[in-house]
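# Observations on chain architecture
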Amino acid sequence: NAGVTQTPKFQVLKTGQSMTLQCAQDMNHEYMSWYRQDPGMGLRLIHYSVGAGITDQGEVPNGYNVSRSTTEDFPLRLLSAAPSQTSVYFCASTPRGLSYEQYFGPGTRLTVT
Amino acid sequence: AQSVTQPDIHITVSEGASLELRCNYSYGATPYLFWYVQSPGQGLQLLLKYFSGDTLVQGIKGFEAEFKRSQSSFNLRKPSVHWSDAAEYFCAVGDGNKLVFGAGTILRVKS
């Protein structure tokens with residue numbers, strides 16, 4: 001049981017490039033989320049999904065797209081990278097029910113130059 | 001809108017001393033409250049959670065937190081800090097299936 005996995009661990013992009021951050025979980029959790037972490041701002045929700053085929057925006061969705069074709073995977077796409085997207089990105093999953101307990105992946109550190 | 005405030009950006013305590021990290025929340029209904037810890041370069045680990053019932057909750061690594069509805073607070077405590085507790089601590093409130101995080105408190109432990 002690997003839990004929540006994220007790839008890559010580190011990435012450097014040039015402004016305007018696109019890329020996909022991968023997130024997968026093997027716990028059969030229905031809910032998955034993407035957060036970004038910036039110094040002094042805690043974690044802010046980008047997008048989330050309550051199940052396969054269903055996604056919604058969080059607090060800071062601009063510049064990011066998501067899709068959820070399977071229960072296991074929840075990729076985050078940067079359409080045209082900007083320096084403001086330099087951050088650490090965390091994926092999390094939550095089992096169905098009222099636990100609200102989120103299990104976090106190890107994070108992806110992204111630098112946009 | 002739901003929000004979480006952690007008033008202390010940094011806290012320094014001596015090893016063996018007691019610790020209290022403050023957390024205040026704004027939430028319209030009964031809150032689901034969490035404390036997470038993040039060691040440098042690592043992901044977030046759940047320390048403890050409050051959903052209902054006993055307002056004093058016990059967590060891992062010897063941590064506890066007390067929910068005080070009248071003060072909208074959920075402060076984290078530990079009676080004796082170890083050097084390995086140096087990390088960043090986040091308080092969060094559950095909002096649907098989402099979490100709203102505070103800005104975090106960095107704990108430094110001096111020997």
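This report concerns the structure included in the present document.

As a volume, the largest pocket reaches approximately 670 Å³. Q37 and R109 of chain A together with Q38, G41 and E88 of chain B are, among the 33 residues lining the largest pocket, the residues nearest its centre. Elements supplying a minimum of two residues to the lining of the largest pocket: β9 (87–94) and β11 (108–112) of chain A together with β10 (87–95) and β12 (105–110) of chain B. Considering every element that reaches the lining of the largest pocket, the biggest residue donor is β11 of chain A, with four residues. Grouping the amino acids of the lining of the largest pocket by side-chain chemistry returns 15 nonpolar, 14 polar and four charged. There is about 260 Å³ of room inside the second largest pocket. For the second largest pocket, the lining is made up of 13 residues, of which L45 and E59 of chain A together with Q2, L99 and V100 of chain B are closest to its centre.

Attention now goes to the interface of chain A and chain B. At the junction of the two partners, chain A supplies 21 residues and chain B supplies 19 residues. Together, the buried faces of chain A and chain B total about 1,600 Å²; carbon and sulfur atoms form 59% of this surface. Run the count over chain A and chain B and you get one salt bridge. Among the ionic pairs, K49 of chain B bridges to E101 of chain A, the shortest N-O distance being 2.4 Å.

Cut-offs applied
Residues numbered from 1 in each chain as written. Chains lettered and ligands numbered in written order. Predicted model: local features only at pLDDT ≥ 70, side-chain atom pairs only at ≥ 80, totals over all residues. Heavy atoms only, no water. 1 Å grid on protein atoms, 1.4 Å probe; cavity = no way out; pocket = protein on both sides within 12 Å on 5 of 7 lines; lining within 4 Å. Points joined across faces, edges and corners; volume = space filled by probe spheres on them. Helix = DSSP H or I, 4+ residues; strand = E, 2+ residues; numbered from the N terminus. Nonpolar A, V, L, I, M, F, W, Y, C, P; charged D, E, K, R; others polar. Contact = heavy atoms within 4.5 Å. Buried area = accessible area lost by both parts, 1.4 Å probe. Salt bridge = Lys/Arg side-chain N within 4 Å of Asp/Glu carboxyl O.

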